[in-house]
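# A closer look at the structure
As a plain string of letters, each chain reads:
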Amino acid sequence: MSPTLLRKLTTTIAVALLVVEAAAPAVARTPEAAPAPGGVRAVVRDAATGAPVPYACAALVPTDPAALAAVTLGEDQLGRYGGCADEQGSLVTGDVAPGEYRLLVRPYDTTRHGWQWVGRHGGTGQRERALAVRVRAGAVTSAPDIRLDPPGSVVGVVTDAATGAPVPRALVMVVPYVPDPKYGDHGPTTDENGRYTITGLGPYEWPVQFAAGGFATVWSGGVGTRAQARGVRVHAQRTATLNQALPAGIPVSGAVRVDELLTYAQVLAFDASTGDLAGVADVGSGYALRLLPGQRVKLRCDCSYAPPVWHQDAADFDAATPLRLRRTPVVVDFDLG
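Summary of the structure given here. (Residues numbered from 1 in each chain as written. Predicted model: local features only at pLDDT ≥ 70, side-chain atom pairs only at ≥ 80, totals over all residues. Heavy atoms only, no water.)

### Focus on the overall build of the chain
Counting secondary structure elements, the chain contains 2 helices and 28 strands. Dimensions of the chain, computed from the C-alpha atoms along their principal axes, are close to 105 × 55 × 30 Å. A total of 337 residues make up the chain; the buried ones form 44% of that total. Contacts in the chain between residues far apart in sequence, at least 24 positions, make up 72% of those at least 6 positions apart. Carbon and sulfur atoms make up 52% of the accessible area of the chain, which amounts to about 17100 Å² in all. Taken together, the 30 basic and 31 acidic charged side chains of the chain have centroids lying 7 Å from each other. (Helix = DSSP H or I, 4+ residues; strand = E, 2+ residues; numbered from the N terminus. Buried < 20%, exposed > 50% of the residue type's maximum accessible area, 1.4 Å probe, protein only. Contact = heavy atoms within 4.5 Å. Areas by Shrake-Rupley, 256 points an atom, 1.4 Å probe, with all protein chains shown as cover. Lys, Arg positive; Asp, Glu negative; His and termini not counted. Charge placed at Lys NZ, Arg CZ, Asp CG, Glu CD.)

Listed below in structure tokens is the structure:
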């Protein structure tokens, strides 16, 4: 075969191979599979007798701040997973995303047993002292036995820090939640004289959060973070007193530009370190929050029918820009148009 003919044949084969490769369908890429869910197993017992306690429910509260901040209208800040014990006190939760969680247990009969965060050797009222349980993909993790103690109560008066006047309709929360303007509040609120009552708490020290329109949201002791809260000591079958004055705080406000506003649009503030809810404001053409000087928060606008937007134009908690509160008003606008 002559060199010229060989070159022509080689060129023809190469072109044909390129045409075939271009015409061949692309190989489908299989998306990376999500990790298999896991679960948690525990037994709920009476702390004094060891007898099983039926029907108590546990919430698996994520330790990850971003997961904790995945809370919306009308929800308690308890995460997405949980389960209830059967008649023998056996509690098994399934379909739980792998991760690290703390358990908050709410008894069915709160006249006999109180709420508790589950510790390694008993209950606690402080989330940070609760045992962290790691859920692994495809496995059921055994948690220590949950030993429920008798309950106690907390009463108090909420007042305006500037005037001393009682604050009616203030929210009083052991677990922060996002108020729903349509359905009202599902936790304790103050009456016209600023008085409130919380029942069914285990006999431990509990931090309590207070929120009311026109005031900064604070934890007991008038502070902005759970870690700095001055908790109230609850005793079994007794009533403790916790009064709280609400400060005006620093205004955080801004305009909200959006093509179609949600019926119940809100701007929410979260503690930038822990993910704890720090304030909620309803939205019209704008919003107005009040926060404490020194707080470091991340803001989220649940304002349109598209996914929520974090400051500044971020898609999630981790990517959001933290805002440090000083002693002067702050303006943060949201443009969702």
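Having put the structure on the table, let's press on.
### With respect to the environment of Thr159
As for its placement among the helices and strands, Thr159 is situated in strand S11 (residues 152-160). Taking the relative accessible area as the measure of exposure, Thr159 reaches 19% and is therefore buried. In contact with Thr159, other than residues within four places in its own chain, are Gly164, Ala165, Pro166, Val167, Gln244, Ala245 and Leu246.

### Some remarks on the state of the cysteines
Taken as a whole and judged by the stated rule, the model has 2 disulfides. Covalently, Cys57 is tied to Cys84 through a disulfide, its sulfur atoms 1.9 Å apart. Sign of the S-S torsion, about 100° for the bond between Cys57 and Cys84, identifies this disulfide as right-handed. You can see Cys57 sitting in strand S2 (residues 57-62) and its partner Cys84 sitting in strand S3 (residues 81-84), a full 27 residues away along the chain. Looking at Cys57, the relative accessible area reads 21%, which means it is partly exposed. The partner cysteine of Cys301 in its disulfide is Cys303, sulfur to sulfur 1.8 Å. Residues Cys301 and Cys303 are joined through a disulfide that is left-handed, its torsion about the S-S bond being -100°. Take the cysteines of the chain that form disulfides and number them in order along the sequence; they join up as 1-2, 3-4. (Disulfide = S-S within 2.5 Å.)

### Remarks on unusual backbone geometry
A cis amide bond, omega -10°, links His311 with the succeeding residue Gln312. Along the chain, the position of Gln312 falls in the loop between strand S25 (309-310) and strand S26 (323-324). Located in the positive-phi region is Tyr55, a residue other than glycine, with phi close to 70°. For Tyr55, the location among the structural elements is in the loop between strand S1 (38-46) and S2. Residue class for Tyr55 comes out partly exposed when judged on its relative accessible area of 37%. Residue Arg169 is not a glycine yet carries a positive backbone phi of 60°. Examined against the element boundaries, Arg169 turns out to sit in the loop between S11 and strand S12 (171-173).

### Observations concerning the packing of aromatic side chains
Within the structure shown, the criterion is met by 7 aromatic pairs. Aromatic side chains Tyr55 and Tyr108 sit 5.9 Å apart centroid to centroid with 70° between the ring planes, which places their arrangement in the edge-to-face category. Placement of the pair is Tyr55 in the loop between S1 and S2 and Tyr108 in the loop between strand S5 (99-106) and strand S6 (116-118), with a sequence separation of 53 residues. Members of the aromatic cluster, joined through ring pairs, are Phe270, Trp310 and Phe317. (Phe/Tyr/Trp six-rings, centres within 6.5 Å; stacked < 30°, edge-to-face > 60°.)

### Observations regarding the environment of Glu75
Looking at the element boundaries, Glu75 is found in the loop between helix H2 (65-68) and S3. Residues Glu75 and Ala229, 154 residues apart in the sequence, show an inter-C-alpha distance of 22 Å. Beyond its immediate chain neighbours, meaning those up to four positions away, Glu75 contacts Ala70, Arg80, Pro176, Tyr177 and Val178.

### Points about the environment of Asp271
Positionally, Asp271 belongs in strand S21 (residues 266-271). Classification of Asp271 by relative accessible area gives buried; the value is 11%. Along the primary structure Asp271 and Val135 are separated by 136 residues, whereas in three dimensions their C-alpha atoms are 25 Å apart. The contacts of Asp271, once residues within four sequence positions are left out, are Thr225, Asp276, Ala278, Arg296 and Phe317.

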